[in-house]
Amino acid sequence: MADPQTGTAEEYWPDIEGLDHRDTVTDFSLPDGTFFDCALVHLLTTATLDWLRTLYPQGRFEVRRFRPNIVVATANGENDFAENAWIGHVLTVGDDVRLNITGPCPRCVMTTLPQSDLPQDTGILRSAAQHNGANVGVYASVLQGGMVRRGDLVRLD
(Lines give C-alpha, C1' and ligand atoms only; values in the text may rest on other atoms or scores of the structure.)
Protein backbone atom coordinates (compact mmCIF):
# COMPACT_ATOMS: atom_id res chain seq x y z
CA MET A 1 0.00 0.00 0.00
CA ALA A 2 1.27 3.48 -0.88
CA ASP A 3 2.36 5.80 1.92
CA PRO A 4 -0.38 8.48 2.28
CA GLN A 5 2.29 11.04 3.26
CA THR A 6 4.13 10.66 -0.06
CA GLY A 7 2.59 11.99 -3.23
CA THR A 8 3.46 12.25 -6.88
CA ALA A 9 2.29 14.50 -9.65
CA GLU A 10 2.20 14.24 -13.42
CA GLU A 11 3.35 17.02 -15.68
CA TYR A 12 2.66 17.37 -19.39
CA TRP A 13 5.45 18.95 -21.43
CA PRO A 14 4.28 20.46 -24.73
CA ASP A 15 6.45 20.26 -27.84
CA ILE A 16 8.30 23.54 -27.24
CA GLU A 17 11.98 24.03 -27.99
CA GLY A 18 14.00 24.71 -24.85
CA LEU A 19 12.03 22.47 -22.51
CA ASP A 20 13.76 19.54 -20.76
CA HIS A 21 11.17 17.14 -22.21
CA ARG A 22 9.01 17.58 -25.28
CA ASP A 23 5.53 16.23 -25.99
CA THR A 24 5.64 13.84 -23.07
CA VAL A 25 4.31 13.30 -19.55
CA THR A 26 6.65 12.94 -16.58
CA ASP A 27 6.08 12.08 -12.92
CA PHE A 28 7.75 13.74 -9.97
CA SER A 29 7.59 13.32 -6.20
CA LEU A 30 5.96 15.92 -4.01
CA PRO A 31 7.57 16.95 -0.72
CA ASP A 32 6.48 14.52 2.04
CA GLY A 33 3.20 15.36 3.74
CA THR A 34 2.32 18.20 1.33
CA PHE A 35 0.62 18.87 -1.94
CA PHE A 36 3.12 21.49 -3.06
CA ASP A 37 4.98 20.93 -6.32
CA CYS A 38 8.42 21.79 -5.03
CA ALA A 39 8.32 24.46 -2.33
CA LEU A 40 6.06 26.32 0.08
CA VAL A 41 6.59 29.77 -1.42
CA HIS A 42 6.83 31.02 -5.01
CA LEU A 43 8.09 34.58 -5.53
CA LEU A 44 7.94 36.57 -8.75
CA THR A 45 9.19 40.07 -9.57
CA THR A 46 7.58 42.74 -11.68
CA ALA A 47 10.95 42.95 -13.50
CA THR A 48 10.54 39.38 -14.76
CA LEU A 49 7.00 40.03 -15.97
CA ASP A 50 8.10 43.24 -17.68
CA TRP A 51 11.09 41.50 -19.30
CA LEU A 52 8.91 38.67 -20.60
CA ARG A 53 6.52 41.26 -22.06
CA THR A 54 9.48 42.83 -23.86
CA LEU A 55 10.62 39.46 -25.22
CA TYR A 56 7.13 38.42 -26.35
CA PRO A 57 4.98 41.58 -26.62
CA GLN A 58 1.92 39.82 -28.03
CA GLY A 59 1.64 37.67 -24.87
CA ARG A 60 -0.28 38.62 -21.76
CA PHE A 61 2.15 38.04 -18.90
CA GLU A 62 -0.16 38.55 -15.96
CA VAL A 63 0.48 37.45 -12.39
CA ARG A 64 -2.47 35.07 -12.37
CA ARG A 65 -0.88 32.91 -15.08
CA PHE A 66 1.96 32.06 -12.71
CA ARG A 67 0.13 31.93 -9.33
CA PRO A 68 2.98 33.20 -7.08
CA ASN A 69 2.48 33.63 -3.35
CA ILE A 70 4.35 36.95 -3.36
CA VAL A 71 4.95 39.49 -6.13
CA VAL A 72 7.88 41.82 -5.51
CA ALA A 73 7.78 45.23 -7.19
CA THR A 74 11.28 46.04 -8.38
CA ALA A 75 12.82 49.45 -9.03
CA ASN A 76 11.65 51.26 -12.14
CA GLY A 77 13.74 50.35 -15.14
CA GLU A 78 14.99 47.08 -13.66
CA ASN A 79 14.40 44.24 -16.07
CA ASP A 80 15.64 40.77 -16.85
CA PHE A 81 14.99 37.82 -14.54
CA ALA A 82 15.90 39.74 -11.36
CA GLU A 83 15.03 37.03 -8.84
CA ASN A 84 17.52 34.57 -10.36
CA ALA A 85 20.25 36.47 -8.48
CA TRP A 86 18.46 35.77 -5.18
CA ILE A 87 19.04 32.00 -5.29
CA GLY A 88 21.10 30.91 -2.29
CA HIS A 89 20.30 34.09 -0.36
CA VAL A 90 17.79 35.06 2.32
CA LEU A 91 15.00 37.52 1.58
CA THR A 92 13.42 39.50 4.40
CA VAL A 93 9.83 40.66 3.89
CA GLY A 94 8.54 43.30 6.27
CA ASP A 95 9.76 43.16 9.85
CA ASP A 96 9.73 39.44 10.53
CA VAL A 97 9.43 37.10 7.55
CA ARG A 98 12.66 35.51 6.35
CA LEU A 99 12.71 33.29 3.26
CA ASN A 100 15.54 31.10 2.02
CA ILE A 101 15.55 31.30 -1.78
CA THR A 102 16.12 27.68 -2.77
CA GLY A 103 15.99 27.66 -6.56
CA PRO A 104 14.28 28.67 -9.78
CA CYS A 105 10.60 27.94 -10.36
CA PRO A 106 10.24 25.78 -13.48
CA ARG A 107 6.97 26.39 -15.28
CA CYS A 108 4.77 23.99 -17.19
CA VAL A 109 1.91 23.92 -19.66
CA MET A 110 -0.49 25.31 -17.01
CA THR A 111 0.81 28.82 -17.75
CA THR A 112 -0.38 28.53 -21.35
CA LEU A 113 -3.99 27.54 -20.62
CA PRO A 114 -6.91 29.97 -20.89
CA GLN A 115 -8.13 31.54 -17.65
CA SER A 116 -11.16 33.80 -17.52
CA ASP A 117 -10.32 36.45 -20.16
CA LEU A 118 -6.73 35.24 -20.71
CA PRO A 119 -6.44 33.27 -23.97
CA GLN A 120 -4.55 30.04 -24.44
CA ASP A 121 -1.03 31.00 -25.47
CA THR A 122 1.87 28.56 -25.85
CA GLY A 123 4.13 31.56 -26.51
CA ILE A 124 4.04 32.29 -22.76
CA LEU A 125 5.92 29.08 -21.92
CA ARG A 126 7.97 29.20 -25.11
CA SER A 127 9.35 32.63 -24.10
CA ALA A 128 10.27 31.40 -20.62
CA ALA A 129 11.87 28.28 -22.10
CA GLN A 130 13.92 30.12 -24.70
CA HIS A 131 15.12 32.91 -22.42
CA ASN A 132 15.27 31.46 -18.88
CA GLY A 133 15.22 27.65 -18.97
CA ALA A 134 11.40 27.65 -18.56
CA ASN A 135 11.78 29.30 -15.13
CA VAL A 136 9.56 32.15 -13.98
CA GLY A 137 10.22 33.26 -10.43
CA VAL A 138 11.94 31.45 -7.57
CA TYR A 139 11.04 29.01 -4.83
CA ALA A 140 11.68 29.62 -1.15
CA SER A 141 11.47 27.88 2.19
CA VAL A 142 10.33 29.73 5.30
CA LEU A 143 13.06 30.40 7.83
CA GLN A 144 10.87 32.66 9.98
CA GLY A 145 7.17 33.23 9.54
CA GLY A 146 5.09 36.29 10.27
CA MET A 147 2.69 38.76 8.74
CA VAL A 148 3.20 39.91 5.15
CA ARG A 149 1.40 43.05 4.02
CA ARG A 150 1.07 44.72 0.65
CA GLY A 151 3.79 47.37 0.38
CA ASP A 152 6.17 45.70 2.87
CA LEU A 153 9.84 46.45 2.30
CA VAL A 154 11.70 43.49 0.77
CA ARG A 155 15.41 43.18 1.46
CA LEU A 156 17.97 40.71 0.13
CA ASP A 157 20.35 39.66 2.92
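Above: the structure in question.
Within any chain, residue numbers begin from 1 and follow the written order of that chain's sequence. Per-residue local features of the predicted model are confined to residues with pLDDT of at least 70, and side-chain atom pairs are confined, for both listing and counting, to 80 or more; whole-chain, interface and lining totals are unaffected and use all residues. For the side-chain quantities, the full set of heavy atoms in the structure was used; hydrogens and water were omitted.

Draft legend 1. Region of the structure containing the packing of aromatic side chains. Stacked, tilted and edge-to-face are the three classes applied to pairs of Phe, Tyr and Trp rings, where Trp contributes its six-membered ring and a pair requires centres within 6.5 Å; stacked means planes under 30 degrees apart, edge-to-face means over 60, and tilted covers the rest. Applying the stated criterion across every chain yields a total of two aromatic pairs. When the ring of Tyr-56 is compared with that of Phe-61, the centres are 6.0 Å apart and the planes differ by 85 degrees; the resulting orientation is edge-to-face. Buried residues are those whose accessible area, probed at 1.4 Å on protein chains only, stays under 20% of the maximum for their type, while exposed residues exceed 50% and partly exposed ones sit between those limits. For Tyr-56, a relative accessible area of 15% corresponds to the buried category. Of the residues examined, Phe-61 reaches a relative accessible area of 1% and is grouped as buried. Aromatic pair Phe-61 and Phe-66: ring centres 6.5 Å apart, planes at 5 degrees, arrangement stacked. By the ring-pair criterion, three or more aromatic residues cluster together here, those being Tyr-56, Phe-61 and Phe-66.

Draft legend 2. Inspection of unusual backbone geometry at higher detail. A positive phi angle, near 55 degrees, is found at Arg-67, a position not held by glycine. Only DSSP runs of H or I with at least four residues qualify as helices, and only runs of E with at least two residues qualify as strands; both kinds are numbered from the N terminus onward. Residue position: Arg-67 is located in the loop between helix H2 (63-66) and strand S4 (70-72). Classification of Arg-67 as partly exposed rests on a relative accessible area of 45%.

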